[in-house]
Amino acid sequence: MFPSCYSKPSGNGGKKSSWAKLLLGVFIVYMLHTAWLLYSFLNNKPCDGGEHCISSYLTARPRLQLSVFTCLIPDNSQLNLALKIDPFNPQSLFERQVAVSVPEETRANGSLYAVVYVHKSGVSPLEDNKEVHYSAKLTTYFTAAGSEEDKRRTSHKPKSVSHWRPHLSIIMMSESFSFNKGGVPSDVRRFMRVSKNERQVTYLPLLLVNELSFRVRDLMEINRSSVQLPLTVSYEGISLRRFRFLVQLQDMIYSLRQFGFTEENIDEIKETLVGSNFYLLVLTAFITSLQLVCEFLALKNDISSWRGKSSMAGVSRKTALWRSLSTLLIFMHLLEETSLLVLVPIGLGAFVEVWKVFKVYKIKLQWKGLTVNKMDDEEKKTVEYDTQVSRYLSYLVYPLCISGAIFSLAYLRQKCYFSWLLNTLVTGVYALCFLSMAPQLFINHKLKSVSHLQGAVLVYRGFNTLISDLCYAVSFYNPSLSLTSSHQLCCFRDEVFLLLYLYQRRKYGLKSRRRDSGAHSKKLKTQ
């Protein structure tokens with residue numbers, strides 16, 4: 001299952017270690033940069049006063065008005081008033097239900113925008129030179145979800161239809177914070193408008209529409225009969241720290257869209273971001289980065305060791321075949337249910353596991369076809385042990401698989417046959433994951449050796465499971481970060497395998513090292 005950790009050092013060992021050090025260095029630099037950004041969020045020092053300070057326009061407590069207009073094009077023409085709050089208190093918190101008239105162009109699969117103005121009370125926003133505004137789309141193009149029969153009948157690609165976004169969340173920085181002219185953060189500067197007079201320089205209110213509150217499940221399809229549609233307008237005054245944090249999160253959501261993430265995947269990320277405590281979110285980002293680094297190092301060590309592995313003595317064929325099939329099934333199961341951030345590592349791991357099956361069965365791909373190399377005596381002995389333990393396991397696995405398939409027949413009434421089959425197989429993989437350890441552990445016991453295993457890979461993946469358990473502990477305090485019981489079962493499986501491996505390494509490791517060193521010395525004498 002795993003390559004040798006006591007193999008003879010190769011000539012490019014220094015190069016491999018340098019790659020690991022480079023990756024570790026990049027990770028440390030990334031974490032230091034993230035820590036610096038968090039420090040800048042948490043420590044925003046105001047300006048002490050003087051000519052180099054930019055004070056807030058809200059410090060003078062002007063009488064303001066909030067107006068929400070709708071328009072086909074986000075400009076200053078053809079504005080239709082949807083909501084007016086006069087007087088408007090920036091420190092307040094409110095929510096209003098309004099009915100918005102939908103133009104004919106929007107009903108014909110068009111778009112509609114909302115323009116939010118904060119301006120002087122009793123004055124038109126077009127005549128106020130100190131107004132601030134922000135535009136956001138009230139519609140979005142989305143593929144209409146039809147039934148399974150409709151999808152089978154229509155061979156062409158489904159048409160994107162204009163949908164209504166019934167929530168408009170407005171936020172504004174209501175904190176009277178004074179900035180230093182040379183120290184305005186870049187994420188704040190792009191939202192800042194400055195007003196100058198003879199005495200001082202002030203910045204106008206920082207206005208923003210919170211895109212994190214948008215969910216795909218809230219969308220309403222717009223048709224010809226949609227003359228009026230409901231709109232919930234909410235407002236909240238926030239601090240500078242939270243304003244900057246929301247700006248960074250919305251920039252991250254925009255980047256995910258550019259990378260090809262679907263709106264359903266982004267909704268899951270939004271649920272985690274919005275429903276999380278700030279410090280728990282930082283902890284989640286840190287442990288996720290650690291997991292990615294550990295998984296990459298484990299994968300790199302796994303590939304480099306198996307590339308130079310010639311003898312498959314001590315490696316369980318059944319375990320390698322089980323891991324490849326189970327990883328492929330999990331990848332197919334998650335293909336339409338999770339994001340690319342999860343699919344890419346799982347897909348790469350599945351490819352490596354399939355490649356290891358070809359290696360352990362000694363199958364080579366050539367132009368003439370497939371060729372299978374012969375096994376030596378040690379490899380034949382390993383296959384005998386592997387067949388023996390697989391026969392014992394079959395007495396337990398077959399009844400469990402048959403009973404589990406019968407129990408899951410209830411899915412067949414609700415889903416198609418392929419979905420039922422895939423769900424049944426994936427459930428079996430999660431439920432019987434403990435049994436995949438047995439062949440390799442049995443071979444180790446029979447051979448009285450663990451020299452054919454790759455210790456670094458087990459350590460990296462064992463550390464990964466400990467991090468997953470930390471996530472599980474955090475999920476008690478944050479339900480949005482909770483993990484599935486099946487995932488925890490597999491994490492527990494890896495921890496048990498790591499403990500058993502450490503026990504076998506302590507019991508057989510000394511004998512293995514003596515045996516390997518003796519064989520190596522004999523080889524040197526013959527040379």
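Structure: see above.
Residues numbered from 1 in each chain as written. Predicted model: local features only at pLDDT ≥ 70, side-chain atom pairs only at ≥ 80, totals over all residues. Heavy atoms only, no water.

Caption draft 1: Region of the structure containing the sheet that holds strand β7 (residues 139-143). The three strands lie next to each other as β7-β8-β14, forming an open sheet whose pairing is antiparallel. The strands lining the two open edges of the sheet, one partner per strand, are β7 and β14 (220-221). Here five bridges tie β7 to strand β8 (residues 160-164), and the two strands are oriented antiparallel to one another. When the bridges of β8 are listed, F142 appears paired with V161. (Pairing = 2+ DSSP bridges. Helix = DSSP H or I, 4+ residues; strand = E, 2+ residues; numbered from the N terminus.)

Caption draft 2: The packing of aromatic side chains, seen in detail. A full pass over the atoms with the stated rule returns six aromatic pairs. Between F94 and Y235 the ring centres are 5.5 Å apart and the planes differ by 25°, which places this aromatic pair in the stacked class. In this pair, F94 sits in strand β4 (residues 93-101) while Y235 sits in strand β15 (residues 228-238), placing the two residues 141 residues apart along the sequence. With respect to burial, F94 and Y235 carry one shared label: buried. Following the ring pairs from residue to residue traces out a cluster consisting of F88, F94 and Y235. The aromatic ring of F214 is capped on one face by R165, whose charged end is 4.1 Å from the ring centroid. (Phe/Tyr/Trp six-rings, centres within 6.5 Å; stacked < 30°, edge-to-face > 60°. Buried < 20%, exposed > 50% of the residue type's maximum accessible area, 1.4 Å probe, protein only. Lys NZ or Arg CZ within 6 Å of the ring centre and 35° of its normal.)

Caption draft 3: Region of the structure containing the side chain of H119. By the secondary structure assignment, H119 is in strand β5 (residues 113-120). A polar side-chain atom of H119 sits 3.0 Å from a polar atom in the side chain of S67. Not counting residues up to four positions away in its chain, the partners in contact with H119 are R63, L64, Q65, S67, S124, P125, D128 and E131. (Polar contact = N/O pair within 3.5 Å; in protein donor to acceptor, adjacent residues only side chain to side chain. Contact = heavy atoms within 4.5 Å.)

Caption draft 4: Looking closely at the nonpolar core. Core analysis: the biggest nonpolar cluster contains 31 residues, and L66, F88, L168 and I170 have the highest contact counts within it. Within the residue set of this core, elements represented by two or more residues are β2 (64-71), β3 (80-88), β4, β5, β6 (132-137), β9 (167-173), β13 (207-209) and β15. No other element matches β15, which puts four residues into this core. Those residues in contact with F88, other than ones at most four positions away along the chain, are L64, Q65, L66, F94, V118, M172 and Y235. Among the nonpolar cores identified, the runner-up in size contains 26 residues, and V201, L206, L249 and I253 belong to it. (Core = buried A, V, L, I, M, F, W, Y, C linked by side-chain atoms within 4.5 Å.)

Caption draft 5: Spotlight on the state of the cysteines. Summed over all chains, the structure comprises one disulfide. The residue that forms a disulfide with C47 is C53, at a sulfur-sulfur distance of 1.8 Å. Where C47 bonds to C53 through sulfur, the torsion about that S-S bond is close to -65°, and the disulfide is left-handed. C53 carries the same exposure label as C47, and that label is buried. (Disulfide = S-S within 2.5 Å.)

These figures come from the coordinates and say nothing about function on their own.
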